[in-house]
Amino acid sequence: MTGIDSVQLKEVMVHKIGNPTRSEALKLSVNPLTLNDEIVNGLLTKYFLGSFNENELYHFTHLHDLQLNEVYTYVRTVFDDPSQLVKQSVLLAQFLYSESTHVKVKEGELYVVLFNEVHYNGEYIPAMGIFKSENKETFLKVFPQGQGWEVMQEEGININKLDKGCLIFKTDTAEGYKICVTDNTNKQTDAQYWVNDFLQVQPCADSYNNTDKYLSLCKNFITKEYGEKFDIDKSEQLDMLNRSMDYFKTKEQFSLKEFNEEVIHHPEVVDSFMQYKQGFEKSRNYEIEDEFDIHLSAVKKQAKVFKTVLKLDKNFHIYIHGRRDLIEKGIDEITGKKYYKIYFEEER
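Reading guide: rules and limits
Residues numbered from 1 in each chain as written. Predicted model: local features only at pLDDT ≥ 70, side-chain atom pairs only at ≥ 80, totals over all residues. Heavy atoms only, no water. Helix = DSSP H or I, 4+ residues; strand = E, 2+ residues; numbered from the N terminus. Buried < 20%, exposed > 50% of the residue type's maximum accessible area, 1.4 Å probe, protein only. Lys, Arg positive; Asp, Glu negative; His and termini not counted. Charge placed at Lys NZ, Arg CZ, Asp CG, Glu CD. Pairing = 2+ DSSP bridges. Contact = heavy atoms within 4.5 Å. Axes fitted to C-alpha atoms, helices over the stretch in contact; angles between N-to-C directions. Patch = residues over 30% accessible without salt bridge, like charges linked within 9 Å, V, L, I, M, F, W, Y side chains within 5 Å. Areas by Shrake-Rupley, 256 points an atom, 1.4 Å probe, with all protein chains shown as cover. Salt bridge = Lys/Arg side-chain N within 4 Å of Asp/Glu carboxyl O. 1 Å grid on protein atoms, 1.4 Å probe; cavity = no way out; pocket = protein on both sides within 12 Å on 5 of 7 lines; lining within 4 Å. Points joined across faces, edges and corners; volume = space filled by probe spheres on them. Nonpolar A, V, L, I, M, F, W, Y, C, P; charged D, E, K, R; others polar. Parallel < 35°, antiparallel > 145°, perpendicular 65-115°, else oblique. Left-handed = near helix turned anticlockwise from the far one by under 90°. Disulfide = S-S within 2.5 Å.

J.: What should I look at first to understand the overall build of the protein in this one?
T.: Summing up its helical and strand segments, the protein has nine helices and 16 strands in all. Along the longest, intermediate and shortest principal axes, the C-alpha atoms of the protein span 75 × 60 × 40 Å. Looking at the protein residue by residue over its 348 residues, the buried ones come to 43%. Computing the positive centroid from 42 side-chain charges and the negative centroid from 56, the protein places the two 5 Å apart.

J.: Please clarify how the sheet that holds strand β1 (residues 8–17) should be interpreted in this entry.
T.: Where strands meet in a sheet, backbone hydrogen bonds hold them as pairs that are either parallel or antiparallel. Sheet architecture is open: eight strands sit in the order β2-β1-β4-β5-β8-β9-β3-β10, paired in antiparallel fashion. Each of the sheet's edge strands pairs with one partner strand only, and the pair in question is β2 (26–27) and β10 (201–203). Here nine bridges tie β1 to strand β4 (residues 108–120), and the two strands are oriented antiparallel to one another. Bridge pairing in β4 links H15 to L110. Contacting β1, β2, β4 and β5 (123–133), helix α3 (residues 85–98) crosses the sheet at an angle of about 40° to β1.

J.: Teacher, can you tell me more about unusual backbone geometry here?
T.: In terms of backbone geometry, most residues other than glycine have negative phi values and most peptide bonds are trans. A positive phi angle, near 55°, is found at Q200, a position not held by glycine. Turning to its location among the elements, Q200 is positioned in the loop between α4 (193–199) and β10. Q200 gets classed as buried once you look at its relative accessible area, which sits at 17%. Even without glycine at this site, H265 takes up a positive phi of about 75°. Relative to the assigned elements, H265 resides in the loop between α7 (256–264) and α8 (267–284).

J.: Would you explain a nonpolar patch on the surface in this entry?
T.: Taken together, the side chains of L140, V142, W149 and V151 present a nonpolar region at the surface, about 480 Å² in accessible area. Elements with a minimum of two residues in the nonpolar patch: β6 (137–145) and β7 (148–156).

J.: Teacher, can you tell me more about the environment of P267 here?
T.: Mapped onto the fold, P267 is located in helix α8. You can call P267 exposed: its relative accessible area is 57%. C-alpha of P267 to C-alpha of K161: the two residues are 106 residues apart in sequence and 46 Å apart in space.

J.: What is the right way to read the pattern of salt bridges from this model?
T.: For side chains of opposite charge, pairing can occur when their charged atoms come near one another. Applying the stated rule across the entire model yields 17 salt bridges. D172 is the salt-bridge partner of K178, the closest N and O atoms lying 3.3 Å from each other. According to the relative accessible area criterion, D172 is partly exposed, its value standing at 29%. Salt-bridge contacts for E261 lead to K257; the nearest nitrogen and oxygen are separated by 2.8 Å. With E261 and K257 both in helix α7, this residue pair falls four residues apart, about one helical turn. With a relative accessible area of 47%, E261 lands in the partly exposed category. On the basis of relative accessible area, K257 is assigned to the exposed category, the value being 59%. In the salt-bridge network here, residues are joined through shared partners; they are E56, D212, K213 and K301.

J.: I keep staring at the layout of surface pockets and nothing clicks. Help me out?
T.: Empty space among the atoms becomes visible once a probe the size of a water molecule is rolled across them. Each pocket or cavity is described by its volume, and for the largest pocket that value is around 1,500 Å³. Every residue lining the largest pocket is counted, 34 residues in all, and those nearest its centre are E56, Y58, Q192, V195 and K213. Of all elements in the fold, only β9 (178–183), α4, β10, α5 (207–230), α8 and α9 (296–303) reach the threshold of two or more residues within the lining of the largest pocket. No other element matches the six residues that α5 contributes to the lining of the largest pocket. Grouping the amino acids of the lining of the largest pocket by side-chain chemistry returns nine nonpolar, 17 polar and eight charged.

J.: I would appreciate a short explanation of the packing of α7 against α8 in the present structure.
T.: Angle between the axes and distance between the axes are the two parameters that describe a pair of packed helices. Where α7 meets α8, the axes come as close as 10 Å, and the angle between the chain directions of the two elements is 130°. By the angle between their axes, α7 is oblique relative to α8. Crossing hand, α7 versus α8: right-handed. On α8, the residues touching L256, F259, N260 and I264 of α7 are V269, V270, F273 and M274. Of the residues belonging to the contact of α7 with α8, the class tally is seven nonpolar, one polar and no charged.

J.: How do you make sense of the state of the cysteines when you look at a structure like this?
T.: Two cysteines whose sulfur atoms are joined by a covalent bond form what is called a disulfide. Summed over the entire model, instances satisfying the criterion amount to zero disulfides. Not part of a disulfide, C166 finds its nearest cysteine sulfur in C180, a span of 9.5 Å. With no disulfide of its own, C204 has C180 as its nearest cysteine by sulfur position, at a separation of 9.4 Å.

J.: How do you make sense of the packing of helix α2 (residues 70–80) against α3 when you look at a structure like this?
T.: Running from N to C, α2 and α3 point in directions that differ by 170°, and their axes come no closer than 9 Å. In this view, α2 runs roughly antiparallel relative to α3, as classed from their interaxial angle. Here α2 contributes E70, V71, Y74, T77 and V78 to the contact with α3, which in turn contributes L85, Q88, L91, L92 and F95. Per-class residue counts for the contact of α2 with α3 are seven nonpolar, two polar and one charged.

As C-alpha cells, then:
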C-alpha cells in the first residue's frame with residue numbers, strides 16, 4: 001500500500017480472541033494502547049497497512065439488509081462518533097469470538113484501529129482497521145549481563161507478515177464503504193471465516209476485480225477443464241493460456257464476444273467455457289461483466305501465476321510464449337517414446 005508514511009495512528013484497542021470450541025477465552029481490554037513512542041507507532045502502521053493491495057477493493061454486504069451486517073454497523077458507529085471506539089471494539093471482539101468455532105481457527109490478538117490521513121483515490125481521509133495476529137515467531141534476544149552477554153528466547157509478531165486484516169475507508173457509506181482485505185492464513189481452506197462469516201464482504205464490481213476474476217476464470221478453465229474435456233495436449237493448453245494473457249496485455253477494453261472469437265475460437269469450446277463461467281461466478285458470488293476496462297495492475301498480478309512451462313519427465317522444461325504452429329508432437333516408432341519437435345530460426 002502506498003502513502004503509509006503520511007498515515008496518523010490515532011487510537012488502538014487490543015483484545016485476545018480464542019477459539020470457544022477449544023475452551024479458549026475471550027479477553028477484553030478496557031483501555032487503548034499508549035501511543036507515545038514514534039518508532040513503535042511507525043512499526044505498527046507498517047505492520048497494519050503494508051500487506052494491502054489498494055486496487056483490490058471490497059464492500060460490506062448482507063443477504064437481506066446491509067444494516068444487519070454486524071461489522072458494518074459497528075464501524076459506522078465509530079465513524080459517526082470516534083469516542084465510541086472502545087465500546088464498539090468490544091462488540092467486534094465478541095462477534096469475532098462467536099464466529100471463531102472452526103477447528104483450524106487459531107487464538108490471536110484482535111486490533112481495532114482508527115487512522116487519519118490515509119491515502120485513497122487522490123485524497124487523504126479517515127479510515128478504520130480491524131486486524132488479527134495468529135502466528136508467533138521465535139527470536140533470540142541478546143542482552144548485556146555483567147561483563148559479558150547472554151541470549152534468551154522470546155516469541156513475537158513478524159511485522160512483515162500480517163495474518164488477517166481489513167482497512168475500511170470512510171467513503172461510500174450507503175454502499176458498504178470501500179475496503180481492503182487480506183487473509184494470509186486461510187486462503188485455501190474451509191476456515192475462511194474472516195472474509196465470509198465475520199466481515200461478510202464482496203469484491204467491488206470495478207475494472208480491477210473484473211480483470212482479476214476473468215483471468216482467474218481463464219486459467220482455471222484451461223488448466224482444469226479444457227484439456228480433459230477436449231482431449232487437448234499440454235502444449236495446446238499453454239498456447240491458449242498465452243493467447244488469453246496476450247489479449248489482456250494488448251487490449252484496453254474487454255469484450256466477451258471479441259475474446260471468444262479471438263482466443264477460444266471453436267464454438268463447442270466457447271459453449272463449454274460459458275458453462276464453466278456460470279459455475280465459477282456462482283461459487284464466488286461475483287458476476288463478471290461482459291464488457292469492462294482492463295486494469296493493468298490486475299494483469300500484472302495474474303501474469304505471475306500464468307505458468308506456460310511444458311515439463312517433460314524430470315529432464316526438460318520448455319517455456320512456450322506463443323506460435324503453437326512451430327511445435328509438433330509425436331511418438332517415436334522404434335522406442336515408443338513421445339517427443340516434441342520445435343522449429344526456430346535463431347539460437348540465442
